[in-house]
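Chain by chain, the residues run as shown.
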Amino acid sequence: MDLDAPASAINTLAGQGGPDEALPPQFAKLVSGLRVDVSVKSRKKLADSGQKDLVGMSMKVTGPDGVLVEYRVVGDFMYYRSDMKAIGEAMGVPMPSADELPPGQKEFKKVLEGAWVKVDTKELERRGKAAGGTSKGTAGDIDAKTQKKVLDAVRTVVGREITFRTKGGSGGVEHVVATGNVRDLLTGVFDKLRPLQGDLPPGAELPTAKDLKDAPDKKATVDFTLKNGDLRQIRVDLAVLGDGPKKVELPLVLKFSGAGDVSAPSGATEIPAGKVPGSSPLGGAFMGGGL
């Protein structure tokens, strides 16, 4: 997933919100060159896979000058590496050097150096349960019955609010173009989901009808690219949701292809699970919270 837009377009759109919304030049450059790759490997076809079928997964965030953050989950371990210096420069928050780490946090020297580290996920889970967690999954889990209700509700609204047309191509390529009013679509979806509120995870608050009045009353178009019947790309121009007078495109592109590397990296330094959650100022970054 990435934005198919230069830094100048991002700056223009941000500037339309007023001088207070202007972005630092280095941040706009980072966003324009940002790419997120998610890979999953399973023993079965992904459509038929459950959590126990997954062999490994990874997420990699790449910026204009290289990898910013990458983590992989393979077997009983989660592996992590990051370019803390580049992240700090882009965010305007300088990261400490390895020499500046407080006593008891030397395990994180490898993190600051950009090397691979790993943590035992089973031990993390065990500690979470001991601290008062639950063994019945995370707070974000939704049971299969509720998932079906949600999908049926969304499908009903999409069938009513979205129009579809096809555009032919060459070499087995076909485009399916979906168009609909953003506010009408969101209002319809959440109206259908409100009766299911009690079945959703705690904290999953749905927007009210009053909240949705602020949603863009505009039509948006999503272009689905298929090749020989397989979905290869989804593209949507996010700029149409803005209110600025200037015509600037900000396409968000999601591409599908073969998975990247989901193997366990060699030479990773293990960090004790007890050092990761809460007990370290870098714990949030290690667990992905810094993103």
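Residues numbered from 1 in each chain as written. Predicted model: local features only at pLDDT ≥ 70, side-chain atom pairs only at ≥ 80, totals over all residues. Heavy atoms only, no water.

Turning our eyes to something else, we now look at the pairing of strand S7 (residues 163–168). For a regular strand, side chains alternate in direction, first toward one face of the sheet and then toward the other. Here S7 lies mainly on the outside; 0 of its 6 residues are buried. Inspection of the sheet shows S7 paired to strand S8 (residues 173–181) by 6 bridges, in the antiparallel sense. Following the sheet pairing, phenylalanine 164 is matched in S8 by alanine 178. Taking the residues that link successive antiparallel strands as the turn, the S7-S8 hairpin has 4 residues, and the phi of glycine 171 there is positive, at about 65°. (Buried < 20%, exposed > 50% of the residue type's maximum accessible area, 1.4 Å probe, protein only. Helix = DSSP H or I, 4+ residues; strand = E, 2+ residues; numbered from the N terminus. Pairing = 2+ DSSP bridges.)

Turning our attention to helix H3 (residues 84–91). Taken together, the buried positions of H3 are Met84, Ile87, Gly88 and Ala90. Down the axis of H3, the smallest arc covering the buried residues is 165°, so these residues share one side. Structural note: H3 exposes Lys85 and Glu89 on the side pointing more than 90 degrees away from its buried face. Once H3 finishes, glycine 92 follows within two positions and takes phi at roughly 75°, a positive value. (Arc of directions from axis to C-beta.)

We now examine unusual backbone geometry. One non-glycine residue, asparagine 228, lies in the positive phi region at around 55°. Its relative accessible area of 61% is what places asparagine 228 among the exposed residues.

Right, let's get into the pairing of strand S5 (residues 77–82). Of all 6 residues in S5, 5 are buried, a share of seventy percent or more. Direction of pairing for strand S4 (residues 66–74) relative to S5: antiparallel, over a ladder of 6 bridges. Along S5, the bridge assignment pairs arginine 72 with tyrosine 79. Linking S4 to S5, which pair antiparallel, is a turn of 2 residues; within it glycine 75 sits at a positive phi near 65°. Pairing geometry for S5 and strand S6 (residues 117–120), over 4 bridges, is antiparallel. Paired with tyrosine 79 across the two strands is lysine 118, which belongs to S6.

Moving on, we get to the confidence of the model for the protein chain. Taken over all residues, the pLDDT of the protein chain has a mean of 83, while the share at 70 or more is 86%. In this model residues 279–291 is a low-confidence stretch, pLDDT under 50, and it forms 31 contacts with partners more than four residues away in sequence or in other chains. (pLDDT = per-residue confidence, 0-100. Contact = heavy atoms within 4.5 Å.)

Scanning the model with the defined rule gives 1 aromatic pair in all. Relative to tyrosine 79, the ring of phenylalanine 77 lies with its centre 6.3 Å away and its plane at 45°, an arrangement referred to as tilted. With respect to burial, phenylalanine 77 and tyrosine 79 carry one shared label: buried. The aromatic ring of phenylalanine 77 is capped on one face by lysine 118, whose charged end is 4.6 Å from the ring centroid. (Phe/Tyr/Trp six-rings, centres within 6.5 Å; stacked < 30°, edge-to-face > 60°. Lys NZ or Arg CZ within 6 Å of the ring centre and 35° of its normal.)

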